[in-house]
Amino acid sequence: MNTTSRRTVLASVAAVAAGVPTLNAVMGGGATPAAAADRYASNTELYTRTADREGVDWVRRFRIGAPAQLTDNARGTSTPVGSTAVIAPHGGGIEAGTSELCLAVAGYAPFDTSTDPASAALPDQPQRDYWMFEALANSAAQHVTSTHCDDPAALAVCTANLYAVSLHGFDDTAVKRINIGGGDARLRRNLLAAFTKYGLTSPAARPEWNVTVVLAGADDPINGDDPANIVNRTRTGGGAQLELSTALRKAMFGDFSGAAGRRTTFGVPSAGSPYADHFWNGFVGAVREAIRNHELGLDAPQ
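None of the values given here were measured: they were computed from a predicted structure.

Caption draft 1: Looking closely at the pattern of salt bridges. Under the counting rule described, the total for this entry stands at 10 salt bridges. As a salt-bridge pair, Glu100 and Arg262 come within 3.4 Å of each other at their nearest N and O atoms. Remark: Arg262 occurs in helix α8 (residues 259-265) and Glu100 occurs in helix α3 (residues 98-105); sequence separation between them is 162 residues. Taken as a pair, Glu100 and Arg262 share a single burial class, namely buried.

Caption draft 2: Region of the structure containing the confidence of the model for the protein chain. Averaged over every residue, the pLDDT of the protein chain is 88; the share at 70 or more is 87%. Note on residues 11-36: pLDDT under 50 across the span, and 47 contacts to partners over four residues away in sequence or across chains.

Caption draft 3: View of the side chain of Asp184. For Asp184, the position within the fold is in the loop between β7 (177-181) and α6 (185-197). Put simply, Asp184 is tucked away with no salt bridge, and the nearest opposite charge, on Arg186, sits 5.2 Å away. Among the polar contacts listed, one links the side chain of Asp184 to the backbone nitrogen of Arg186, at a separation of 3.2 Å. A polar contact is formed between the side chain of Asp184 and the backbone nitrogen of Leu187, at a distance of 3.0 Å. If we skip the residues at most four places from it in the chain, Asp184 touches Tyr163, Gly238, Gly239 and His294.

Caption draft 4: Here's a closer look at the sheet that holds strand β4 (residues 84-92). Strand order in the open sheet formed by seven strands is β3-β5-β4-β6-β9-β7-β8, with mixed pairing between adjacent strands. Two strands in the sheet have a free side with no partner beyond their single neighbour: β3 (58-63) and β8 (212-215). Each adjacent strand pair in this sheet contributes to an overall mean axis angle of 15°, direction not counted. The sheet contacts of α3 involve β3, β4, β5 (130-135), β6 (163-170) and β9 (240-245), and relative to β4 the element is tilted by about 165°.

Caption draft 5: Inspection of the packing of aromatic side chains at higher detail. Tallied over the full model, the rule gives 10 aromatic pairs. Here Phe266 and Trp280 contribute two aromatic rings whose centre-to-centre distance is 4.9 Å and whose plane-to-plane angle is 40°, an arrangement assigned as tilted. Of the two residues, Phe266 is situated in the loop between α8 and α9 (276-295) and Trp280 in helix α9; the sequence distance between them amounts to 14 residues. For Phe266, a relative accessible area of 25% gives the class partly exposed. For Trp280, a relative accessible area of 5% corresponds to the buried category. Its end group placed over the ring of Tyr47, Arg60 keeps NZ or CZ at 4.4 Å from the ring centre. Taking NZ or CZ as reference, Arg262 lies 5.7 Å from the ring centre of Phe256, over its face.

Caption draft 6: Seen up close, the nonpolar core. Ranked by size, the top nonpolar core spans 42 residues in total, and within it Ile178, Leu191, Phe195, Leu242, Met252, Phe283 and Val287 carry the most contacts. Ranked by the residues each element gives to this core, the list is headed by α9, at eight residues. Those residues in contact with Phe195 that lie beyond four places of it in its chain are Ile178, Ile180, Leu200, Val213, Leu242, Phe283, Ala286 and Val287. Counting 19 residues, the second-largest nonpolar core is a separate cluster that includes Phe133, Cys158, Ala164 and Ile230.

Caption draft 7: Representation of the environment of Tyr275 in the model. The topology assignment puts Tyr275 in the loop between α8 and α9. For Tyr275, a relative accessible area of 23% gives the class partly exposed. Here the alpha-carbon distance between Tyr275 and Ala251, two residues 24 residues apart in the chain, equals 6.9 Å. Apart from the residues lying within four places of it in its own chain, the contact partners of Tyr275 are Arg206, Glu208, Trp209 and Ala251.

Quick notes on the rules
- Residues numbered from 1 in each chain as written.
- Predicted model: local features only at pLDDT ≥ 70, side-chain atom pairs only at ≥ 80, totals over all residues.
- Heavy atoms only, no water.
- Salt bridge = Lys/Arg side-chain N within 4 Å of Asp/Glu carboxyl O.
- Helix = DSSP H or I, 4+ residues; strand = E, 2+ residues; numbered from the N terminus.
- Buried < 20%, exposed > 50% of the residue type's maximum accessible area, 1.4 Å probe, protein only.
- pLDDT = per-residue confidence, 0-100.
- Contact = heavy atoms within 4.5 Å.
- Lys, Arg positive; Asp, Glu negative; His and termini not counted.
- Polar contact = N/O pair within 3.5 Å; in protein donor to acceptor, adjacent residues only side chain to side chain.
- Pairing = 2+ DSSP bridges.
- Axes fitted to C-alpha atoms, helices over the stretch in contact; angles between N-to-C directions.
- Phe/Tyr/Trp six-rings, centres within 6.5 Å; stacked < 30°, edge-to-face > 60°.
- Lys NZ or Arg CZ within 6 Å of the ring centre and 35° of its normal.
- Core = buried A, V, L, I, M, F, W, Y, C linked by side-chain atoms within 4.5 Å.

Written out as structure tokens, the structure is:
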């Protein structure tokens, strides 16, 4: 499969759809310029180069849960096997908003690196394994395409779980859009059904709520089905890759300008983002429900 950065391809696709030139200078992730090719061939190469330093230029955060006994002897209900990881391979300043969404879907209120994760755990949600790579500086240069991700913690998180969902961003400031890809076709269908249920669709009840949701086809060059894609390195060999346009991610936050603002204004309406609660709650709720249905073995109609 072509190893060109999926973020670069998506930026070009979005530009064509908008009728504008496909420039490498298009702003990726709402914050940084999209490069024609990744500087680093893998996470290992990035980590071993002195140009980009852990704790200064980038951080990694993850949770790998310990095995727990699970018993189901109820007559009328089934217990979901909670084994879905949530990852954000290009978080922080690379594809802004994906770190916060990763934590929220995994069952946490978005928190910073100085916070004890236990204090951010949401009492009404299961806490799931997660992994994030977050750029703090020089963010465009720290993008490593998902098929080249060899971070040991990312591999441990994904291979320890049956399923995984990865969150990505691409540049399109005009259209609110979600592209659903990945190697797990049933999980993709469950996500598509959940987005429709939670009002992330087009046409929506109100035009300003319109979200274009696309299920990637087999011939789509960025459909995320490559077995080497980190989201597909699960125990079942599949996962779901969600690509969110800049317009949609920006609409989820009262202040999208930096990590501190996003952590405190997720789902908070503002003058610049009057429907942040609709988009944030709709997306996070839909992904959580799709994961639960998938873990129960359910399948949305095709």
